[in-house]
Amino acid sequence: MPETYDTTSAAPATHLRTIAIVVAAIAILIVAFGIFSRMRAESRLTTWTNAQALPVVTVIHPAPAGKADALTLPGSVQAFNSAAIYARTTGYISRWFVDIGDPVRAGQVLAVLDAPEVDQQVAAARADLQTARANRELAQSTAARWTNLLGKDAVSKQETDEKIGDLAAKNAIANAAGANVRRLGALQGFTRLVAPFSGVVTSRSTQIGALVTAGTAASTPLFTIADVGRMRVYVRVPQAYSGAFHTGLHATLTVPEYPGRSFDVALVRSAGAVDPQSGTVLMEFQAANGDRALKPGAYAQVSLPLGAGSPGAGVRLPPSALVIGANGTQVAVIGPDGKALLKTVTIGRDNGDNVEISAGLTAADKVIDNPPDSLQTGDAVRTMRPGGDHAGS
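Residues numbered from 1 in each chain as written. Predicted model: local features only at pLDDT ≥ 70, side-chain atom pairs only at ≥ 80, totals over all residues. Heavy atoms only, no water.

A. View of the overall build of the chain. Counting secondary structure elements, the chain contains four helices and 23 strands. Considering only residue pairs separated by 6 or more positions, the chain has 74% of its internal contacts joining residues 24 or more positions apart. For the chain, the exposed surface amounts to about 23,500 Å²; the carbon and sulfur share of it is 57%. (Helix = DSSP H or I, 4+ residues; strand = E, 2+ residues; numbered from the N terminus. Contact = heavy atoms within 4.5 Å. Areas by Shrake-Rupley, 256 points an atom, 1.4 Å probe, with all protein chains shown as cover.)

B. Focus on the nonpolar core. Counting 31 residues, the largest nonpolar core has F245, L253, F285 and L304 as the members making the most contacts within it. Within the residue set of this core, elements represented by two or more residues are β3 (70–85), β10 (223–238), β11 (250–254), β12 (263–274), β13 (280–288) and β14 (299–305). In terms of residue count, β10 provides more of this core than any other element does, six residues in total. Beyond its immediate sequence surroundings of up to four residues, F245 is in contact with L71, V237, L267, M283, L304, P305 and L306. Within the second largest apolar cluster, 17 residues are counted, among which are V98, A195, L222 and F223. (Core = buried A, V, L, I, M, F, W, Y, C linked by side-chain atoms within 4.5 Å. Buried < 20%, exposed > 50% of the residue type's maximum accessible area, 1.4 Å probe, protein only.)

C. Structural view of the packing of aromatic side chains. In total, this model carries one aromatic pair according to the counting rule given. Measuring from ring centre to ring centre gives 6.4 Å for Y258 and F263, while their planes differ by 70 degrees; the resulting arrangement is edge-to-face. Here K163 stacks its cationic end above the ring of W146, 5.3 Å away from the centre of that ring. The ring of Y258 has R261 sitting right over it, with the charged end atom 5.5 Å from the ring centre. (Phe/Tyr/Trp six-rings, centres within 6.5 Å; stacked < 30°, edge-to-face > 60°. Lys NZ or Arg CZ within 6 Å of the ring centre and 35° of its normal.)

D. Quick peek at the packing of helix α2 (residues 116–151) against helix α3 (residues 157–189). Following both chains from N to C, one finds α2 and α3 inclined at 160 degrees, their axes separated by 8 Å at the closest point. Relative to α3, the element α2 lies roughly antiparallel. Considering only the axes of α2 and α3, their crossing is left-handed. Across the contact of α2 with α3, the residue classes tally to 17 nonpolar, 12 polar and 10 charged. (Axes fitted to C-alpha atoms, helices over the stretch in contact; angles between N-to-C directions. Parallel < 35°, antiparallel > 145°, perpendicular 65-115°, else oblique. Left-handed = near helix turned anticlockwise from the far one by under 90°. Nonpolar A, V, L, I, M, F, W, Y, C, P; charged D, E, K, R; others polar.)

E. Representation of the sheet that holds strand β15 (residues 315–317). Read across the open sheet, the four strands follow the order β2-β15-β20-β19; overall the sheet is antiparallel. The two strands at the open ends of the sheet, each matched to only one other strand, are β2 (63–64) and β19 (346–350). (Pairing = 2+ DSSP bridges.)

F. Structural context of the side chain of T142. Topologically, T142 is positioned in helix α2. Only 2.8 Å separates the side chain of T142 from the backbone oxygen of L138, close enough to count as a polar contact. (Polar contact = N/O pair within 3.5 Å; in protein donor to acceptor, adjacent residues only side chain to side chain.)

G. Here's a closer look at α2. In this model α2 runs 53 Å from its N-terminal to its C-terminal C-alpha over 36 residues, within 8% of the 52 Å that 1.5 Å per residue would give. Residues of α2 that are buried make contact with α3. Directly after α2, the chain includes D153, whose backbone phi takes a positive value near 60 degrees. (Expected span 1.5 Å × (residues − 1).)

H. Main features of the pairing of strand β8 (residues 199–204). Pairing between strand β5 (residues 103–104) and β8: two bridges, direction antiparallel. When the bridges of β8 are listed, P103 appears paired with V200. Pairing of β8 with β10, which is carried by four bridges, proceeds in the antiparallel orientation. Across the sheet, V200 pairs through a bridge with A226, a residue of β10.

In structure tokens:
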């Protein structure tokens, strides 16, 4: 009789194995998916962290500066001549005749000092001079008498020489006394303060009865006289533009107190040297001032015409784009590789709200505005679009 098998018990075992395999595969897939998701999240986090570590910068494009037709610079207005009048003699103010704003002529008396000590010194010096002259006359007659006696062999040659030497000494004493009288007389003349030239009184610092001490460090000028018929205007011109201006050049001057009015000034001389502190050349202009509209010490603006030979500025940038450090004035730009690049530039003109760059930069450069202080050449950066969106590194 043939042998038979129980198929009903084998089928469930096969079904269980299939379910176990499926469950294991699903578990493996879940684990693999979790690992993949975590690795992807970690990769994204690393990428995000690295991106956040890059500085975000704003890129601007330089604007063409064009050719300026005038260079406007500040100027200092000074009188053609100005003199502070000090007292040369110690005394008291007896009278003063002029005040601020008064016109004066050359040689006009400004004030008179009362100097009794000097008057007494003059009187004593004159008495000393009379004594010296009397002694000189006596020595002169004695020397003449002894010279005659020497011719008769009545006196010795030694005694005669002594009398002649005494005459020379008395003559020198008389001359010294006369010089002292003239010196004190000059001091006595200084009690009258006079104007050295025609002009106007710009300051007075004295009152009647005030003590004036001459020859001390604390001395103050009693008056200041200024010749305002013609004015000097001093302008500091940047070195880059100094070669464009020569003697005889006419410029336009304006002052705040006369809006809409301009004054013609002419360049008369240049210092011919660059000030190492400011990098400028001092130039002197002069202007006629018949109506006294220009005042000494006034602040003015001078517009200098720029000719064809004057330097032209290439592009304009806001001052915030400049990096000033040990390497001079630089500008940070985006290089061809998308990284930062520091370029050294030359400033042609500072307009206040913008700066004209005459060398080292072109209008095609991508300039970083407000670059971080730590930014160096070769650093990777992220640029920002005008709307505020990141454009990538």
